[in-house]
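Inside the fold
Here are the chains, one letter per residue:
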Amino acid sequence: MITSVTDDFWVLETSQMAYACGLDPDGRLVHTYWGARLPAQADYPRPQATPESSSFNQPAQLVAEEYPAYGGPKYTEPCLKASFPDGTRDLDLRFVGATIEAEGQPTLHLRLRDAVYPFTVTLHYRLHEDHGLIERSATIRHEGDGPAVMLERVWSAQWHFPAQQQTRLTHLAGRWYDEFALHRETLTPGVKVLESRRVTTGHDHQPWFALDLGGAQEDHGDVWFGALAWSGNWKLAAEVTAFSTTRVSLGVNDWDFAWQLNPGESFVTPSCLAGFTQAGHGGASQRMHDFIRDRVLPDGHTLRPVLYNSWEATFFDVDESSQTRLAEVAADLGTELFVVDDGWFHGRNLDNAGLGDWWPDARKFPNGLTPLIERVKALGMTFGLWVEPEMVNPDSDLYRAHPDWVIHFPSRPRTEARGQLILNVARPEVQAYLTDTLSRLLQENDIRFIKWDMNRSVSEPGWPDAPGDPRELWVRYVQGFYQILSTLREQHPQVRWQTCSGGGGRVDLGVLRLASQAWVSDNTHAAARLAIQDGYSRVFPANTMEAWVTDADRGELPLEFRLHVSMLGLLGLGGQLLDWTQAEREVARTQIALYKSIRHLVQRGDQYRLRSAQEQAYSAVQYLSKDRSEGVLFAFRTHLARPATLPPLYLRGLEPGALYAVEGMEGPRSAEAWMHMGLSLGLGDYQSAVRKIQRLLG
Ligand code: GLA
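First, a word on what this report is: a plain description of the structure on this page. (Residues numbered from 1 in each chain as written. Predicted model: local features only at pLDDT ≥ 70, side-chain atom pairs only at ≥ 80, totals over all residues. Heavy atoms only, no water.)

F119, I140 and W344 are the most contacted members of the largest nonpolar core, which has 189 residues in total. Among the elements that take part in this core, helix α8 (residues 473-491) stands out by supplying ten residues, more than any other. Dropping the residues within four chain positions of it, I140 is found in contact with Y67, L80, F119, T120, V121, L151, V154, L261, E265, S266 and F267. Counting residues in hydrophobic clusters, the runner-up holds 22 residues, among them Y618, L649, L654 and A658. (Core = buried A, V, L, I, M, F, W, Y, C linked by side-chain atoms within 4.5 Å. Buried < 20%, exposed > 50% of the residue type's maximum accessible area, 1.4 Å probe, protein only. Helix = DSSP H or I, 4+ residues; strand = E, 2+ residues; numbered from the N terminus. Contact = heavy atoms within 4.5 Å.)

Written out as structure tokens, the structure reads:
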């Protein structure tokens, strides 16, 4: 519920969280509270007069503004910086009004206007009451008719945390092949910046944070968390000011950014979601999972099929017979979706040619894709295909025809990465080409799944004939990408999409509005994967987490262990199945059948990280149905140097007072016994266990 307590003080409440802001005596829009919901409206603090200040510590330094704009004596991180046509680079935003939309998800709109210029900022606060989250964004508008205003920074939100406290930031960092490592650090005075400058979300960091006051654990304690719904350059600035106040700002990266805001035009920022929970870091993840499944994903509750992907089996040696033979084995093992990866299209024999020419290679598929698709369907599977639409190889028909379509500076060499350049999808003609070409592909072939890849980051970010400021590229590129994907979704509703960028380089709440699932990492070694997947689960639900068993660790780790690791998300296979022995195939068949019997729990249930694979060689994850009637426990032991008696695993979330049976364990026992006495498993190195949990009728 959103309440206008007075006409200058607002309280946003969900069942467990509250957020309050209002105007201080000087008319500044300031933050006053974010945390547990309080019993009465009168409990929420009202804005205070700013204490006496000195020449160096001006009021603007001291107050927690909801959306600080650069102007006046202000030296902390602002959300907005603009330059007016007369050269003024200073904003003086004054409150002009508020409206509350009560329908649907209640939304508070707070309107501000510059004291002199016809320039307005509207802050939006949409309350997701069922999920305990606030979604913030801002609309910046040039209301005048004079020349353009240049925007130099325009972030989505600034979030404030309890003052005078030590705050601990949890975030994810990594690189290609080693994404989503968890980091936890106490913030000290200054600004900690996480960002992407790659034109995609990037492997290096996630636009996500979790913040606590030092005491939060996995299953209890106060945690504030948030994420930006954006798939391009972004920035997170976590600042501890000289006055020991802490704020985290998130938005489109202002690095190399500019936006020419013409008269009558608006700039709308991406959304930034944030929430507060007393249920610890695990509780924060569960909130994100539920929200992403319920409100972000296009099909968050549809069960995902078991997938086969041919990349690591055949690399570029893709043709009708190699794929047909793989499909036959994949189907026999229980696979439901057969995806042909890179190598199928015109001129694509290696990574140095073909990108851009999205039609089947005539030598590899003399009769097009249809014979293979029909065979796949006859085997009882649906068919999927890999594309990398934003990319072009210089050795392609497309590049020979349109060398100027790529991102480049005319005076500079075009740096190739993996032999490829990036099409400027901000350009309408590039959008039209890609939409038409891919649309034809989807029309002519019965394709139900597309893996959309992006295998390099940007360099020489030029846009020579840009209609506005060429630095708008950073935002317009992402808008173009969204535009192409959403048009294709509308035209071909039968197709489901996967986001991939050399593994987990473009996973975020923005792209997940359009793509149902993600390729998490090119690293498919199960032991490494356990940690990567644990990091991924901090933000994203298991029904987006594609995980295939390949041959990367074949012969090194037991197949059962590798399959169990993949069963933590969306189980898939990606090995050269023709080489797999009958015994291996039998194990795969059995485990795929097991996965099908529990996937509703993994994909739709609540996830509990009982022991984190980021920190422990003995890790465990539990999934529990929303009605708590059934669940499944996964446990993994990687390498422990000495023979060890493993500690008990304490189940979570069971219904107090109910009786539960855990497969393979003595029982039934009470929920309390499983949760407080726990259960012990005996696992050797690289052994794993999957145990079904069942509530018994009382
Ligand atoms: C990227 C993807 C892989 C595979 C290759 C194909 O690296 O992450 O899964 O699709 O491209 O070139």
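Let us keep going from here.
On to the sheet that holds strand β34 (residues 659-662). Taken in spatial order, the six strands line up as β31-β32-β33-β36-β34-β35 in an open sheet, and their pairing is antiparallel. The sheet terminates laterally at β31 (606-611) and β35 (669-670), the two strands that pair on one side only. Bridge count for strand β33 (residues 630-637) against strand β36 (residues 687-696) is eight bridges, and the pairing is antiparallel. Looking across to β36, one finds that E630 is bridged to Q694. (Pairing = 2+ DSSP bridges.)

Taken together, 13 residues are adjacent to the ligand, and D341, D342, R418, K451 and D522 come closest. D453 is positioned with one of its side-chain polar atoms (N or O) 2.9 Å from an oxygen atom of the ligand. With the chains in place, 95% of the 300 Å² that the ligand exposes on its own is no longer accessible. Taken together, the residues that form the shell around the ligand break down as four nonpolar, three polar and six charged. (Near = heavy atom within 4 Å. Polar contact = N/O pair within 3.5 Å; in protein donor to acceptor, adjacent residues only side chain to side chain. Areas by Shrake-Rupley, 256 points an atom, 1.4 Å probe, with all protein chains shown as cover. Nonpolar A, V, L, I, M, F, W, Y, C, P; charged D, E, K, R; others polar.)

Any pair of aromatic rings gets described here by the distance separating the centres and the angle formed by the planes. By the definition in use, this model includes 36 aromatic pairs. Between the aromatic rings of W311 and F315, the centroid separation amounts to 4.8 Å while the plane-to-plane angle is 80 degrees, which identifies the pairing as edge-to-face. With relative accessibility at 39%, the residue F315 sits in the partly exposed group. Among the aromatic side chains, those forming a connected cluster through ring pairs are Y19, W34, Y125, W159, F161, F209, W224 and F276. Above the plane of the ring of W155 lies R153, whose end atom (NZ or CZ) is 3.8 Å from the centre. Over the face of the ring belonging to F481 we find R506, whose NZ or CZ atom lies 3.7 Å from the ring centre. (Phe/Tyr/Trp six-rings, centres within 6.5 Å; stacked < 30°, edge-to-face > 60°. Lys NZ or Arg CZ within 6 Å of the ring centre and 35° of its normal.)

Okay, the packing of helix α10 (residues 559-567) against helix α11 (residues 582-604) next. For the pair α10 and α11, the least separation of the axes is 10 Å and the interaxial angle reads 25 degrees. Between α10 and α11, the angle falls in the class roughly parallel. Once α10 is placed against α11, the crossing between them reads as right-handed. Along its contact with α10, which presents L559, E560, L563, H564 and M567, the element α11 presents E584, V587, A588, Q591, L594, Y595, I598 and V602. For the contact of α10 with α11, a count of residues per class yields nine nonpolar, two polar and two charged. (Axes fitted to C-alpha atoms, helices over the stretch in contact; angles between N-to-C directions. Parallel < 35°, antiparallel > 145°, perpendicular 65-115°, else oblique. Left-handed = near helix turned anticlockwise from the far one by under 90°.)

Moving on: helix α4 (residues 320-333). Quick reminder: α-helices carry 3.6 residues per turn. Residues three or four places apart thus point the same way. Compared with the 20 Å implied by 1.5 Å per residue over 14 residues, the 20 Å span of α4 between its first and last C-alpha is a close match. Looking only at α4, the buried set comprises S322, Q323, T324, L326, A327, V329, A330, A331 and L333. Next to the buried residues of α4 lie β21 (307-309), α3 (311-314), β22 (337-340), α5 (370-378), β30 (570-573) and α11. Sitting at the head of α4, D319 places a side-chain oxygen 3.2 Å from the backbone nitrogen of S321. Of the residues one or two after α4, G334 is the one with positive phi, at around 115 degrees. (Expected span 1.5 Å × (residues − 1).)

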